[in-house]
Amino acid sequence: MSTCTQIAAELTAPGKGILAADESIATMSSRLENAGVSPTADSRRIYRELLATTPGLSDGVSGIIFCDETLGQVFTDGRPFPQAVRELGIHAGIKVDTGAKSCPGLPGETITEGLDGLPARLARYAELGATFAKWRAVFSISGRTPSWGATVSNANGLARYAAACQEAGLVPIVEPEVLMTGAHTLADCAATTATVQAAVRQQLAALGVDLAGIVLKPNMVIEGDSCPDVSDPEQVAEATVAVLRAWPAQLAGVAFLSGGQPPERATANLAALQQHQTPWPLTFSFGRALVSPALAAWHGDDLRYRDGQSALAKHVTANSAALRRRADLQSA
Ligand code: 5MM
């Protein structure tokens, strides 16, 4: 088994998911400010340390994705984040894209950047102790989007990133996100997600990416946030698995993003997904659905540090329990 295959299997091990704590400095700063915390490098560091040192975190979390700033920071006791997290039994990952930027030629659409100098950055991240990476491309549904140009360009970026990661010995998390923003229906989301994922598969194959050494991080198939017809967990799960069935069995695993769903809804949908037999594990790589309650409970108050950790632990436990339903079904 190659290193990437082994790490990808560990990231998607039964009962475990991934914590996405990789907000860019700008996003993290604005979330801290909204929670009443002064956004400094140290407050961002303290918050990520709060998350990572949550008691029992490794029972339900196999890996934490950080951004460049955090990967170079240290715990209060002086240990670098990657080392300290590794010593907690958790893989350290790194977001390596540099964000979704306006796409020349395609007004209103974005292309995710970050390929320039990527091999050298990956080598440095591996040296720092990262074992996996993440790159997110975003697609929005409207009457004219996503265009084929944006779909193929972003799929090619994801594939070039994934190939570079595997050459560097890092597992790429491949994240094509169809956004929930809008009034589109579940069926609209299913059609767009299928088209986007087909383009990603084609580009991964064209660049010889080994699917056994990647983790796919897709959106669940779900209606837009202003669509009046709200789907239930069984509908989301059925539509999501129907789209995913196009992926070959060798894919290491699927770790869903939460996409702005309320935490309880994301967990209920994840639980419903476990009812479906699939050749790959279906787990979580949630950001907001895990960290928002923790940030709200802590909001920068030293006296509420443990409350922040308890809020995170509660949601990790609930999602891990949702995954264990799959193990129960398989052994029944
Ligand atoms: C944590 O948010 C990540 C991106 O942050 P920036 O936009 O600041 O770069 C994001 O990629 C995240 O990892 C995924 O979208 C999943 O997060 P959600 O909140 O959708 O589960």
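Looking at an unreviewed UniProt entry, one finds the chain named fructose-bisphosphate aldolase, with Mycolicibacterium komossense as its source organism. The record held by UniProt for the chain lists under Sequence similarities (unreviewed entry) the comment "Belongs to the class I fructose-bisphosphate aldolase family."

*Asks:* Report on the overall build of the chain, specifying residues and quantitative values.
*Replies:* The secondary structure content of the chain amounts to 12 helices and 10 strands. Principal-axis analysis of the C-alpha atoms places the extent of the chain at approximately 50 × 45 × 40 Å. The burial tally for the chain puts 56% of its 332 residues in the buried class. Long-range contacts, defined here as pairs at least 24 residues apart, represent 79% of the contacts in the chain between residues at least 6 apart. Working note: accessible area of the chain is about 13100 Å², and carbon and sulfur atoms make up 55% of it. The chain carries 26 positive and 32 negative side-chain charges, and their two centres are separated by 1 Å.

*Asks:* An account of the site of the ligand is requested, with residue identities and associated values reported.
*Replies:* As a matter of local geometry, the ligand sits amid 17 residues, with Ser24, Thr27, Lys134, Ser258 and Arg288 nearest to it. With respect to the ligand, the side chain of Ser24 contributes an N or O atom lying 2.8 Å from an oxygen atom. In the environment of the ligand, an oxygen atom lies 3.1 Å from a nitrogen or oxygen atom belonging to the side chain of Glu175. Contact with the protein chains removes 88% of the 510 Å² of surface that the ligand exposes when unbound.

*Asks:* Residues and numbers for the environment of Val243, please.
*Replies:* Topologically, Val243 is positioned in helix α9 (residues 233–244). Separated by 169 residues in sequence, Val243 and Val74 have C-alpha atoms that sit 41 Å apart. Those residues in contact with Val243 that lie beyond four places of it in its chain are Ala190, Thr193, Ala194, Gln197 and Val221.

*Asks:* Which residues make up unusual backbone geometry, and what are the values?
*Replies:* Residues Thr145 and Pro146 are joined by a peptide bond in cis, for which omega reads 0°. Within the secondary structure, Pro146 sits in the loop between β6 (132–139) and α7 (148–168). Phi is positive for His299, which is not a glycine, with a value near 35°. The residue His299 is located in the loop between α11 (288–298) and α12 (305–331) in this model.

*Asks:* Before we move on, could you go through the packing of helix α2 (residues 25–34) against α11 and cite the residues and values that matter?
*Replies:* Two elements in contact, α2 and α11, have axes separated by 10 Å at closest approach and are oriented at 40°. In terms of their interaxial angle, α2 and α11 are classed as oblique. Seen from above, α2 lies across α11 with right-handed handedness. Contacts between α2 and α11 involve Met28, Arg31 and Leu32 from the former and Arg288, Leu295 and Trp298 from the latter. A breakdown of the residues in the contact of α2 with α11 according to their chemical character gives four nonpolar, no polar and two charged.

*Asks:* A description of the pattern of salt bridges should follow, citing residues and the corresponding values.
*Replies:* A full pass over the atoms with the stated rule returns 15 salt bridges. The salt bridge involving Asp68 is made with Arg124; its shortest N-O contact spans 3.1 Å. Here Arg124 lies in helix α6 (residues 118–128) and Asp68 lies in helix α4 (residues 68–71), a separation of 56 residues in the sequence. Taking the relative accessible area as the measure of exposure, Arg124 reaches 41% and is therefore partly exposed. A single salt-bridge network, built from bridges that share partners, covers Asp22, Lys95, Lys134, Arg136, Glu175 and Glu177.

The rules behind the values
Sequence order as written defines the numbering, with residues in each chain counted from 1. This being a predicted model, a pLDDT of at least 70 is required before a residue's local features are given, and a value of 80 or more before pairs of side-chain atoms are given or counted; all residues contribute to the totals for chains, interfaces and linings. With hydrogens and water set aside, each side-chain value is computed from the structure's full complement of heavy atoms. UniProt positions are given in the numbering used here, feature names are shortened, and annotations may be inferred rather than shown by experiment. Helix and strand assignments follow DSSP, with helices taken as H or I runs no shorter than four residues and strands as E runs no shorter than two, numbered in order from the N terminus. Between buried and exposed lies partly exposed: a residue is buried under 20% and exposed over 50% of the maximum accessible area for its type, with that area taken using a 1.4 Å probe on protein chains only. Whether two residues are in contact is decided by their heavy atoms, any of which lying within 4.5 Å being enough. Each accessible area is a Shrake-Rupley estimate made with a 1.4 Å probe; only the visible protein chains count as cover when residues are assessed. Note on charges: Lys and Arg go in the positive column, Asp and Glu in the negative column, and His and the chain ends are not counted at all. For the purpose of locating charges, the reference atoms are NZ of Lys, CZ of Arg, CG of Asp and CD of Glu. Throughout this document, a residue counts as near a molecule or strand when at least one of its heavy atoms sits within 4 Å of that molecule or strand. Here a polar contact means two N or O atoms within 3.5 Å. Within protein one must be a hydrogen donor candidate and the other an acceptor candidate, and residues neighboring in sequence count only if both atoms are side-chain atoms. Interaxial angle, 0 to 180 degrees, is taken between N-to-C directions of lines fitted to C-alpha atoms, where a helix line uses only the stretch in contact. Here the angle decides the label: under 35 degrees means roughly parallel, over 145 means roughly antiparallel, 65 to 115 means roughly perpendicular, and every other value means oblique. With the far helix as reference, a near helix turned anticlockwise by less than a right angle produces a left-handed crossing, and one turned clockwise produces a right-handed crossing. Gly counts as polar in this scheme, as do all residues outside two lists: the nonpolar Ala, Val, Leu, Ile, Met, Phe, Trp, Tyr, Cys and Pro, and the charged Asp, Glu, Lys and Arg. Salt bridge, as applied in this entry: a Lys or Arg side-chain nitrogen positioned within 4 Å of an Asp or Glu carboxyl oxygen.

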